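Listed below, chain by chain, are the residues.
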Amino acid sequence: MTETVDSDRDPVDRDPVDRYDVHATESRWLAEWERLGLYRAGGEDDPRPRKYILDMFSYPSGDLHMGHAEAYSIGDVGARYWMMRGYNVMHPVGFDSFGLPAENAAIKRGLDPVAWTYANIETQSAAYRKFAVSFDWSRRLATSDPDYYRWTQWLFLRFFERGLAYRKASPVNWCPDDQTVLANEQVVAGRCERCHAVVTKRNLTQWYFRITDYADRLLDDMVELEGTWSDQVLTMQRNWIGRSVGAEVDFVIEGHDAPVTVFTTRPDTLFGATFFVVAVDSDLAATLAAGGEHEAAYLAYRDQVAAISEVERLATDRPKTGIFLGRYAVNPVNGERMPVWAADYVLADYGTGAIMAVPAHDQRDLDFARAFDLPVRVVINTAVGDASAVEAGTALGGDGTLVNSGGYDGLAKDEAIERITADLAAKGAGKKAINFRLRDWLISRQRYWGAPIPIVHCATCGEVAVPDDELPVRLPDSTTVDLAPKGISPLATAAAWLHVPCPKCGGDAQRDSDTMDTFVDSSWYFLRYCSPSYEDGPFDPAAVRRWMPVAEYTGGREHAILHLLYSRFFMKVLFDLGLVGCEEPFAALYNQGMVVMAGSKMSKSRGNLVNLGDELAAHGVDAVRVTMLFAGPPEEDIDWADVSPTGASKWLARVWRLAGEIGAAAEVDEAEDPPLRRTTHATIAEVTRLVESHRFNVAIARLMELTNALRKSVDAGHLGAPSVNEAIAALTTMLAVFAPYTAEECWARLGHEPSVHQQSWPVHDPALSTAQTVTCVVQVNGKLRDRVDVAPDVDEATLQELALATEGAQRAIAGAAVRTVVVRPPKLVNIVLG
RNA sequence: GCGCGCUUGGUGGAAUGGGAGACACGCCGGCUUUAGGUGCCGGUGCCUUCGGGCGUGGGGGUUCGAGUCCCCCAGCGCGCACCA
């Protein structure tokens, strides 16, 4: 018998039941594991098959919370399982450590962002260790390390060289609270994704990544992810990219030099176009209105629209507004003159910011036509309705045949689209086109705590890349910078840092004073992990080829179209640069649910925060982990009010007591318990399958059943039997992935040397897991009437005979005629009466 | 509005088209304990004349057999949302 944990127990406590002291266990094994140096990924020569298990890294905002506990419990099971299965597993840890909270802490509380961030990193690192996450600590990185952001900048310059990073002036999303611009992906329903302030628009010159160049590949390559990523995330990415197939059509505007192009998915409805609309906030609208008699009215309308918030503007049930610009566009298919209007229902940044309006077949156009009494012409005969429906205000969508469309009458939709597009192309007035909803990724941020953009602006040379050998462009000391939000980057206030000679001509020049979006940092961290101290590039290409793609990626659903889309984009660019060997970074993605409290998201303002530290102090790490994993399927939310850490504690203590009793007993062959052997081997088979399919709640239920079976067996006098020893060994080994401390403690109580975490996952013997008899269900007319125990290989005829003879079947048949008997050996017989 | 998903005891949840409610929580009873508990054992869907009847949001269908597959409806949740 090995040491017990109750050495510090009160000697006057005469309690006959051993008490499992979780906290003493934790401190003992935490130190021992450090000494053993577990969980380090194998090197280049390691012959084991590799598996890259990754958890989304955390932002070091403070200590870990309940959400972290859930996410890392889930990711850790996979990592530990594959290690025990003999894989060379890389399970790295790092910190997404640039970002606003550090800067806001600096502004509010006068702290140095560097000190604040790195203190939090140490706090979180200690918490991860305590929580027993099987991380390879030798690979730890932080995106705010100069050794890391040097390569973020290096990658930016490769993008810049290829024209994938560029600057343009454009109306951009502006968060008035955070005093910085935001990417489209960071605006949720018109509000800032982070602070929920209502976003406004500003015209600014900013840096963009040309993600739209990769729209097709980002969309098409999703077929590779089908089945290993959730449909929900794939759908969200598809919708976000938003590919529409149609045509571009050129309209001549009378008195305007260049024709105006519109995008439409329905060129077959061209003959139904009765007016033309340009986005009120587009340059085109201003140009068309300029100098005309309607200019004043246009400007007034534009100001009126500008005053409405983005949130209000997004409300779809708003009445349509607009203004006539006094101009006419000419329909290229029939030469008709159509009035040109400006309206806010047409978006400046989608398509060309101008549309042909076909009110009979587009609800928005119809609403507009009815508001301003514009003509409506039905040009498609559809099954869904007719002119009277249009009259009543319902546009006719769907397929049909063309009418009122000149020589195209009678054609079906698809053929009409084909012909009309081809005819336009022949006239030089249009062509087939594909349009995306995806916009280029705006990466400039007017904040201090991020990777500086490694560009120098020179009056003579323009935008000049900082030479690679001068990277990193380090952040100036925060004390030399005015961090207060003022709409321009704090870096612009660090005069000594800002002014540098132009790398090209040596003349006076200025550094770009913006920093990069932190999503740039996190778009390649999984590559840096492969060779975290590599000095000749962002990563060692050979190491990346060995480890990538990530086999299992665990993280929250909130990144469905942010981090996950950006990372996929980066990977494709790096593939094109020849730096990586695969185009998709994450072979499988698991989205864990959230931890909520009493039905709602935990928050300070709701007063329903559950403090992880308190839970750990009350129940211990293992009980909290098991509670998270046992609560339900990992992808579902956990309501902490509905679950029971007490239940988990009880189970772990049961296993601990069993291990103590069994470990203390001498092995005796005569007390064998064959049914327990079967349970053990059946459990191994099932838990293996369940862990691989991420059904941890059911896997734990099976281990609880094995525990119960083992308790019964020991109580029935089988203590010392090989079957009992085998069962506790299997249970302890499998428990290691869910409750690492308790498993290690049990392993020691069984008399083994540490560590259980270096043991192999148990292997089930099919010969032992097969039962000698199975219970066959006897149904009459589909209703359960009796059961009969039979051999697993019973034949149909025998089984039918046995079933018909059962008391329950006879009572239910009660002399009635048997029409047919469905026999499914060995589990079921259904007797159908006539 | 469009798209997707979900709906099973008091609760969280199990169930390759074949025994509904595994495993837990909670509750009830018993045992052990000076007492308490994170100990041990048993019970726990509803009804019952103890034969059985009913039961997976509601309605219909397919099938020898449906929680599971199909159709309709309701409720809840999520995503997108004037994307031409």
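### Concerning the overall build of chain A
Here is step 1: From N to C terminus, chain A includes 28 helices and 34 strands.
Here is step 2: Along the longest, intermediate and shortest principal axes, the C-alpha atoms of chain A span 105 × 85 × 50 Å.
Here is step 3: Looking at chain A as a whole, 53% of its 834 residues are labelled buried.
Here is step 4: In chain A, 71% of the contacts between residues at least 6 apart in sequence involve partners at least 24 apart.
Here is step 5: Approximately 35,500 Å² of chain A is accessible, and the part contributed by carbon and sulfur atoms is 50%.
Here is step 6: Within chain A, the 115 negative side-chain charges are centred at a point lying 1 Å from the centre of the 81 positive side-chain charges.

### As for the pairing of strand β33 (residues 818–824)
Here is step 1: Of the pairings in the sheet, the one linking β33 to strand β34 (residues 828–833) comprises six bridges and is antiparallel in character. Opposite Arg824, over in β34, you have Leu828 as the bridge partner.
Here is step 2: Connecting β33 to the antiparallel partner β34 that follows it, the hairpin turn spans three residues.

### A word on the confidence of the model for chain A
Here is step 1: Taken residue by residue, chain A gives an average pLDDT of 91. The fraction at 70 or more is 97%.
Here is step 2: For the stretch residues 1–16, pLDDT sits under 50, and the model shows 25 contacts to residues farther than four places along the chain or on other chains.
Here is step 3: Confidence estimates for the predicted assembly give a pTM of 0.93 and an ipTM of 0.95.

### Remarks on the packing of helix α7 (residues 231–241) against helix α18 (residues 563–576)
Here is step 1: Contact geometry of α7 with α18 gives a least axis separation of 11 Å together with a crossing angle of 70°. Put simply, α7 runs roughly perpendicular to α18. Residue-level inspection shows Val233, Gln237, Trp240 and Ile241 of α7 in contact with α18, the latter providing Leu564, Leu565 and Arg568.

### What about the sheet that holds strand β6 (residues 180–182)?
Here is step 1: On the basis of which strands lie adjacent, the open sheet formed by four strands has the order β6-β5-β9-β19 and antiparallel pairing. Both edges of this open sheet fall to β6 and β19 (441–442), since each of them pairs with a single strand only.
Here is step 2: The sheet contact formed by strand β5 (residues 165–175) and strand β9 (residues 200–209) spans 10 bridges and is antiparallel. Residue Trp174 lies in a different strand from β9, and its bridge partner there is Thr200.

### Considering the packing of helix α1 (residues 22–36) against helix α25 (residues 740–749)
Axis angle and axis distance: for two packed helices, these are the angle between their axes and the distance between the axes, and together they describe the pair.
Here is step 1: In the contact formed by α1 and α25, the axes pass within 10 Å of each other and the chain directions differ by 85°. In terms of axis orientation, α1 runs roughly perpendicular to α25. Between α1 and α25, the residues in contact are Thr25, Glu26, Arg28, Trp29, Leu30 and Trp33 and Pro740, Tyr741, Glu744, Glu745 and Ala748, respectively.
Here is step 2: Of the residues that constitute the contact of α1 with α25, the class distribution is six nonpolar, one polar and four charged.

### Here's the deal with empty space enclosed by the protein
Here is step 1: Per the stated rule, a full pass over the model turns up three cavities of 30 Å³ or more.
Here is step 2: Lining of the largest cavity is provided by Glu70, Ile74, Met628, Leu629, Gly632, Pro633, Pro634, Glu636 and Ile638.
Here is step 3: Those elements giving two or more residues to the lining of the largest cavity turn out to be α2 (66–84) and α20 (621–630).
Here is step 4: Looking at side-chain class alone, the lining of the largest cavity contains six nonpolar, one polar and two charged residues.

### Comments concerning the sheet that holds strand β29 (residues 600–601)
Here is step 1: Read across the open sheet, the three strands follow the order β29-β28-β30; overall the sheet is mixed. The two strands at the open ends of the sheet, each matched to only one other strand, are β29 and β30 (638–639).
Here is step 2: When strand β28 (residues 595–597) meets β29, the two strands line up antiparallel, connected through two bridges. Counted as the bridge partner of Val596 is Lys601 from β29.

### Some points on the environment of Ala459
Here is step 1: Along the chain, Ala459 falls in the loop between β21 (455–458) and β22 (462–465).
Here is step 2: Distance from Ala459 to Val93, taken between C-alpha atoms, is 43 Å for residues 366 residues apart in sequence.

### Overview of the pattern of salt bridges
Here is step 1: Counted according to the given criterion, the structure contains 38 salt bridges.
Here is step 2: The residue Arg243 makes a salt bridge to Asp220 at a minimum N-O spacing of 2.8 Å. Residue Arg243 is located in strand β10 (residues 243–253), and its partner Asp220 is located in helix α6 (residues 215–220); the two are separated by 23 residues in the primary sequence.
Here is step 3: You can call Arg243 partly exposed: its relative accessible area is 32%.
Here is step 4: The exposure class of Asp220 is partly exposed, given its relative accessible area of 38%.
Here is step 5: Close ionic contact of Glu248 with Lys431 constitutes a salt bridge, the shortest N to O distance being 3.8 Å. On the criterion of sequence distance, the pair formed by Glu248 in strand β10 and Lys431 in strand β18 (residues 430–436) is long-range, its members being 183 residues apart.
Here is step 6: A residue is classified by how much of its surface remains accessible, and Glu248, at 24% relative accessible area, is partly exposed.
Here is step 7: Of the residues examined, Lys431 reaches a relative accessible area of 47% and is grouped as partly exposed.
Here is step 8: Salt bridges linked by common partners bring Arg217, Asp221, Arg568, Lys572, Asp576, Glu583 and Glu584 together as one network.

### Brief notes about the packing of aromatic side chains
Here is step 1: A complete count under the given rule lists 48 aromatic pairs for this structure.
Here is step 2: Where Tyr72 meets Tyr128, the ring centres are 4.9 Å apart and the plane angle is 75°; that geometry is what we call edge-to-face. With Tyr72 in helix α2 and Tyr128 in helix α4 (residues 113–130), this pair connects stretches of sequence that are 56 residues apart. The same class applies to Tyr72 and to Tyr128, which are both buried.

### Considerations on the pairing of strand β4 (residues 136–142)
Here is step 1: For β4, the buried fraction is high: five of the seven residues fall into the buried class.
Here is step 2: Pairing analysis gives three bridges linking strand β3 (residues 92–95) to β4, with the strands arranged parallel. In the strand pairing of β4, Gly94 is matched with Leu141.

### So, unusual backbone geometry
Here is step 1: Between Met548 and Pro549 the backbone carries a cis peptide bond, its omega angle lying at 0°.
Here is step 2: You can see Pro549 is positioned in the loop between α17 (541–547) and β26 (552–556).
Here is step 3: Geometrically, the link from Pro754 to Ser755 is a cis peptide bond, its omega value of 20° lying close to zero.
Here is step 4: Structurally, Ser755 can be placed in the loop between α25 and α26 (766–769).

### Some words on the nonpolar core
Looking at soluble globular proteins, one finds that nonpolar side chains tend to be buried together.
Here is step 1: With 96 residues, the main nonpolar core has Phe156 and Trp441 as its most contacted residues.
Here is step 2: The greatest single-element share of this core, amounting to nine residues, is contributed by helix α5 (residues 146–161).
Here is step 3: Non-local contacts of Phe156, meaning those with residues more than four positions away in its chain, are made with Ala165, Trp207, Phe209, Ile443, Ile453, Pro454, Ile455 and Met516.
Here is step 4: If you look at the next biggest cluster of nonpolar residues, it comprises 88 residues, including Val624, Met704, Leu731 and Phe738.

### Description of the side chain of Asp517
Here is step 1: Its location among the elements puts Asp517 in the loop between β25 (515–516) and α15 (518–521).
Here is step 2: Within polar-contact distance, the side chain of Asp517 engages the side chain of Arg445 at 3.0 Å.
Here is step 3: Not counting chain neighbours up to four residues away, the residues in contact with Asp517 comprise Gln186, Trp441, Leu442, Ile443 and Arg445.

### Brief notes about the environment of Gly507
Here is step 1: Within the secondary structure, Gly507 sits in the loop between β23 (499–501) and β24 (508–511).
Here is step 2: By relative accessible area, which is 24% here, Gly507 ends up partly exposed.
Here is step 3: Separated by 80 residues in the primary sequence, Gly507 and Lys427 place their C-alpha atoms 52 Å from one another.
Here is step 4: Contacts of Gly507, omitting those with residues within four sequence positions, involve Val500, Pro501 and Cys502.

The rules behind these values
- Residues numbered from 1 in each chain as written.
- Chains lettered and ligands numbered in written order.
- Predicted model: local features only at pLDDT ≥ 70, side-chain atom pairs only at ≥ 80, totals over all residues.
- Heavy atoms only, no water.
- Helix = DSSP H or I, 4+ residues; strand = E, 2+ residues; numbered from the N terminus.
- Buried < 20%, exposed > 50% of the residue type's maximum accessible area, 1.4 Å probe, protein only.
- Contact = heavy atoms within 4.5 Å.
- Areas by Shrake-Rupley, 256 points an atom, 1.4 Å probe, with all protein chains shown as cover.
- Lys, Arg positive; Asp, Glu negative; His and termini not counted.
- Charge placed at Lys NZ, Arg CZ, Asp CG, Glu CD.
- Pairing = 2+ DSSP bridges.
- pLDDT = per-residue confidence, 0-100.
- Axes fitted to C-alpha atoms, helices over the stretch in contact; angles between N-to-C directions.
- Parallel < 35°, antiparallel > 145°, perpendicular 65-115°, else oblique.
- Nonpolar A, V, L, I, M, F, W, Y, C, P; charged D, E, K, R; others polar.
- 1 Å grid on protein atoms, 1.4 Å probe; cavity = no way out; pocket = protein on both sides within 12 Å on 5 of 7 lines; lining within 4 Å.
- Points joined across faces, edges and corners; volume = space filled by probe spheres on them.
- Salt bridge = Lys/Arg side-chain N within 4 Å of Asp/Glu carboxyl O.
- Phe/Tyr/Trp six-rings, centres within 6.5 Å; stacked < 30°, edge-to-face > 60°.
- Core = buried A, V, L, I, M, F, W, Y, C linked by side-chain atoms within 4.5 Å.
- Polar contact = N/O pair within 3.5 Å; in protein donor to acceptor, adjacent residues only side chain to side chain.

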